[in-house]
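Structural features, examined
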Amino acid sequence: GTTSDPGSTSCSGGGVSPTKQPTSSSSGCEAGEFEPCEGCSCEECPSGQYQPNNGYTGSSCTDCNSGKYASDTGSTICTSCPTGTSAANTGKTECTDCVAGKYSAITGATGCTSCSAGTFCPYTGATTASACTDCPANTYSADPASTSCTDCPGDSTSSSGASSCDGAPTPSPSVLVCDAGEYKPQDSPCAKCPMGQYQPSSGYTEGYCDLCAAGQYASSTGSVSCTDCAANTYSADDGSSSCTSCPSGTTSPVGSTSCTTVIAPTPEPVSPTKQPTATTGCESGEYEPCTGCSCQSCPAGQYQPDNSFTGSSCTLCDAGTYEPSTGGTSCDECSAGSYSDSGATTCTPCTAGQYSPSSGATSSDACADCPADTYSNTAASSCTPCDAGSSSPAGSSSCTISPTPQPHTPTMMPVVVIPSCDAGEYEAGDGSCQSCPSGQYQPDSDYTGSSCTNCAAGSYA
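Figured I'd write up the structure that's included with this text.

What follows covers the overall build of the protein. Assigned secondary structure in the protein consists of zero helices and 44 strands. Residue burial in the protein is summarised as follows: out of 461 residues, 32% are buried. Considering only intrachain contacts with a sequence separation of at least 6, the fraction spanning at least 24 residues in the protein is 37%. Accessible surface, the protein as shown: approximately 25,400 Å² in total, 49% of it carbon and sulfur.

If you want it as structure tokens, here you go:
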């Protein structure tokens, strides 16, 4: 009753027609297909997704992982990106060529590697590190991922593979590097990652952030990681900024992309261990996932304050609060120096160099940079002034000792002694007195002049 093609790894049931219409809900779909609803015709997986099993009854296919792609519909596997390309996100239908200045020497890359300073690569799709060519002598490249080299200025020189020139000021890298949670838009300063995206690395120079995967979210800008959706919530798409509560009668575990219908168990005698009836309901800290189901503890990050509760889910903690344990009846407020998104199991501390003076902060925007000449550690509610003799720029996690000013020594001007000459003498310019020449006279004592006076007509000396 089953068949297989040459080279197959399994046999497929004979109940599926050539048009992929399953004969019953139990026969399932072939590899590369899914069953969008119970008893529905099988459909091919969309591009960017795959499904490897025969007899499959799931309602969706799986996104290809980062570094892989599926360009066709109906894929049973995903293909690793070839060298010279990469795929940073999941669910890709094709891989992206490495930009000029970068290369990828491995298959299945999730990002390309930058050529080092002192080298360059002028073309896209480079597949080996040898594509990064040393700059010729008397040229240089100061930045990683350079696409060309620059001539040394003036009379300065360099050997091949140089990142600067001898005899010239060391060039400052022109590529602006960004902190974790930021990216570099073209020709613009670093910017925070949008909601639904994240970027975990410091020293980042790329022009994009990564999308949160389905089943996760990032509700604030500038995220360095994504948070799993809490139990009984879901996010179906990549890049979500929040999770959606499961409809009544459905449930989901942490990190879900969809909710599943809760099938009520066969009725059994009610035990004294929290088996609710239509009238008793659940205790505080619990919920009833379906009518007649056993009570379950609220997941961490959620709460439920009422007794005799018959609701099918608990409530997410508000942003600015958290609940680290299951079975919560209330959520605690984040202390000053920290913040949280909704549904949080813990609060995120402000980074060193920042502070947040108020409790219950709801996003990283509440963390402000410390002013100049102050500093802070992580989770600070205030900034500490630098000690006398030290200083810091704004946003610092420590202070540096300021240079001790050197005492000023005034320049001593030489004392010029001007001699006083007797009558009949003058000051000769070398500090000595000389007798007036013949035909001249000088009648004064204590004379400091530099010459004598000519005798008037009709007189002589």
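Here the narrative resumes.
Attention shifts here to the state of the cysteines. A complete count under the given rule lists 24 disulfides for this structure. What pairs with Cys135 in a disulfide is Cys149, and their sulfur atoms sit 2.0 Å apart. In this structure, the disulfide formed by Cys135 and Cys149 twists by about -85° around the S-S bond and is classed as left-handed. Of this pair, Cys135 sits in the loop between β14 (133-134) and β15 (139-140) while Cys149 sits in the loop between β15 and β16 (150-151), placing them 14 residues apart in sequence. Between the sulfur of Cys421 and that of Cys433 lies a disulfide, 2.1 Å long from S to S. An S-S torsion of about -90° defines the bridge between Cys421 and Cys433 as left-handed. One end of the pair, Cys421, is in the loop between β40 (400-401) and β41 (425-427); the other, Cys433, is in strand β42 (residues 433-435), with twelve residues separating them in the sequence. Owing to a relative accessible area of 0%, Cys421 belongs among the buried residues under this scheme. Note on Cys121: no disulfide assigned, nearest cysteine sulfur contributed by Cys115 at a separation of 4.9 Å. Summary of cysteine pairing: Cys455 is not part of a disulfide, and the nearest cysteine sulfur, belonging to Cys436, is at 9.2 Å.

Another point: the environment of Ala191. Tracing the backbone shows Ala191 in strand β18 (residues 191-192). Every residue in contact with Ala191, bar those within four places of it in the chain, is listed here: Gly181, Glu182, Tyr183 and Pro185.

What follows is about the environment of Ala100. With respect to the helices and strands, the residue Ala100 is situated in the loop between β10 (96-97) and β11 (102-103). Along the primary structure Ala100 and Cys132 are separated by 32 residues, whereas in three dimensions their C-alpha atoms are 9.8 Å apart. Here Ala100 is in contact with Cys121, Pro122, Tyr123, Thr124, Ala145 and Thr147, once residues within four sequence places are set aside.

With that settled, consider unusual backbone geometry. Glycine aside, residues mostly have negative phi angles, and peptide bonds mostly take the trans form. The phi torsion at Ser308 lies on the positive side, around 55°, for a residue other than glycine. Of note, Ala379 is a non-glycine position whose phi angle comes to about 60°, a positive value. Mapped onto the fold, Ala379 is located in the loop between β37 (374-375) and β38 (384-385). Ala379 gets classed as partly exposed once you look at its relative accessible area, which sits at 38%.

The topology assignment puts Glu33 in strand β3 (residues 33-34). At 3.0 Å, the side chain of Glu33 forms a polar contact with the backbone nitrogen of Glu30.

Below, the discussion takes up the environment of Cys433. We classify Cys433 as partly exposed; its relative accessible area is 28%. Distance in space between the C-alpha atoms of Cys433 and Tyr447 is 9.4 Å, their sequence separation being 14 residues.

This part is about the nonpolar core. Residues Tyr103, Cys115, Cys121, Ala126, Ala131 and Cys132 constitute the largest nonpolar core, which totals six residues. Filtering out sequence-adjacent residues up to four positions away, Cys121 remains in contact with Ala100, Gly101, Cys115, Ala126, Ala131, Cys132, Ser146 and Thr147.

Criteria and cut-off values
- Here the residue numbering is sequential within each chain, running from 1 through the sequence in written order.
- In keeping with the predicted nature of the model, local features appear solely for residues at pLDDT of at least 70, side-chain atom pairs appear and are counted solely at 80 or more, and the whole-chain, interface and lining totals rest on all residues.
- Note that water and hydrogens are dropped before the side-chain values are worked out from all heavy atoms of the structure.
- By definition, any uninterrupted DSSP run of H or I lasting at least four residues is a helix, any uninterrupted run of E lasting at least two residues is a strand, and each is numbered from the N terminus.
- Summary of the burial criterion: residues with accessible area below 20% of their type's maximum are buried, those above 50% are exposed, and those between are partly exposed, where the area comes from a 1.4 Å probe applied to protein chains only.
- For this analysis, residues touch if any pair of their heavy atoms sits within 4.5 Å.
- To be clear on the numbers: accessible area is Shrake-Rupley with a 1.4 Å probe, and residue cover counts the displayed protein chains and nothing else.
- When the sulfur atoms of two cysteines come within 2.5 Å, that pair is taken as a disulfide.
- Side-chain atoms alone can form a polar contact between residues adjacent in sequence; in general such a contact is a pair of N or O atoms within 3.5 Å, and within protein one must be able to donate a hydrogen while the other accepts it.
- In this text, buried Ala, Val, Leu, Ile, Met, Phe, Trp, Tyr and Cys residues form a nonpolar core when linked through side-chain atoms within 4.5 Å.

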